[in-house]
Amino acid sequence: EDQVTQSPEALRLQEGESSSLNCSYTVSGLRGLFWYRQDPGKGPEFLFTLYSAGEEKEKERLKATLTKKESFLHITAPKPEDSATYLCAVRRGVYGQNFVFGPGTRLSVLP
Amino acid sequence: DAGVTQSPTHLIKTRGQQVTLRCSPKSGHDTVSWYQQALGQGPQFIFQYYEEEERQRGNFPDRFSGHQFPNYSSELNVNALLLGDSALYLCASSLKSSGNTIYFGEGSWLTVV
């Protein structure tokens, strides 16, 4: 059964303190690993899609990497505005919008 | 470029009532899906619509139904509301031919009392 887990559940960082979030997945044939950011009371905002092991993508202070069983979201020198819940997801099936989401990591960056 | 829009933003219903939520997809998108997100959890897939038909469905009871209109907009209907239906309901859209990334709206907060 397709499954996504994320760790840690919550993370508190000081401004400028770099760290990584983990997403572990089990899926029969990966067709994309997706990262989203979600602010409280808002819908998820798309960040990255990764397709194959070894792939990396960057956006400002965020870098996403992918292995055969995990993805990491590295946050370099975070700022308070990076505080949010970060969700990862995999697609269930060959096509379509049936995504399996993890529970998210709630990131707080303190000034 | 208009993103995914949803209405209403918030609503309160009584147990046993029925609710209809609405969604307009991102400009140029033709495929719409609905997700339920309980507090502190990740979104859960309810169903997907393409060409006005339900194409995929998650593990939700028949009380959850939907519709897609010729202009690609969509409705989610939930009958016989239960307290456990209280959640953020998210609509997502994509262009089927491009496959992959789905984009979410801001959601509709449903509280059942």
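Below: a short report on this structure. (Residues numbered from 1 in each chain as written. Chains lettered and ligands numbered in written order. Predicted model: local features only at pLDDT ≥ 70, side-chain atom pairs only at ≥ 80, totals over all residues. Heavy atoms only, no water.)

## Considering the state of the cysteines
Taken as a whole and assessed by the stated rule, the structure comprises 2 disulfides over all chains. Between the sulfur of Cys23 of chain A and that of Cys88 of chain A lies a disulfide, 2.0 Å long from S to S. Its S-S torsion of about 80 degrees marks the bond between Cys23 of chain A and Cys88 of chain A as right-handed, since a negative value means left-handed. Taken together, the residues span a long stretch of sequence, with Cys23 of chain A in strand S3 (residues 19-26) and Cys88 of chain A in strand S9 (residues 84-91) at a distance of 65 residues. By relative accessible area, which is 0% here, Cys23 of chain A ends up buried. Classification of Cys88 of chain A by relative accessible area gives buried; the value is 0%. Paired through a disulfide, Cys23 of chain B and Cys91 of chain B show a sulfur-sulfur distance of 1.9 Å. Disulfide Cys23 of chain B-Cys91 of chain B: torsion about the S-S bond near -65 degrees, hence left-handed. Taken together, the positions of Cys23 of chain B in strand S3 (residues 19-24) and Cys91 of chain B in strand S9 (residues 87-94) put the pair 68 residues apart, joining distant regions of the chain. What makes Cys91 of chain B buried here is its relative accessible area of 0%. (Disulfide = S-S within 2.5 Å. Helix = DSSP H or I, 4+ residues; strand = E, 2+ residues; numbered from the N terminus. Buried < 20%, exposed > 50% of the residue type's maximum accessible area, 1.4 Å probe, protein only.)

## Points about the interface of chain B and chain A
Facing the 26 residues of chain B at the interface are 22 residues of chain A. Of the roughly 1,700 Å² buried at the junction of chain B and chain A (both faces included), carbon and sulfur atoms supply 48%. Put simply, the parts of the chain that give the side of chain B that touches chain A at least two residues each are strand S4 (31-37), strand S5 (44-50), S9 and strand S10 (103-104) of chain B. (Contact = heavy atoms within 4.5 Å. Buried area = accessible area lost by both parts, 1.4 Å probe.)

## Re unusual backbone geometry
That bond from Ser7 of chain A to Pro8 of chain A is cis: its omega, -10 degrees, falls within 30 degrees of zero. Turning to its location among the elements, Pro8 of chain A is positioned in the loop between strand S1 (3-7) and strand S2 (10-14). For the bond from Ser7 of chain B to Pro8 of chain B, the omega torsion is -10 degrees, close enough to zero to count as cis. Take Pro8 of chain B: it is sitting in the loop between strand S1 (5-7) and strand S2 (10-13).

## A look at the pairing of S9 of chain B
All names here are of chain B. Extensive coverage of S9 is indicated by the burial of 8 of its 8 residues. Of the pairings in the sheet, the one linking S4 to S9 comprises 7 bridges and is antiparallel in character. Bridging across to S9, Gln37 finds its partner in Leu88. In the sheet, S9 pairs with strand S11 (residues 108-112) via 3 bridges, with the strands oriented antiparallel. Its bridge partner lying in S11, Tyr89 is registered against Ser108. In this sheet, S10 lies alongside S9 in antiparallel orientation, the contact comprising 2 bridges. Bridged to Ser93 within S10 is Tyr103. (Pairing = 2+ DSSP bridges.)

This is a description of form; function is not addressed.
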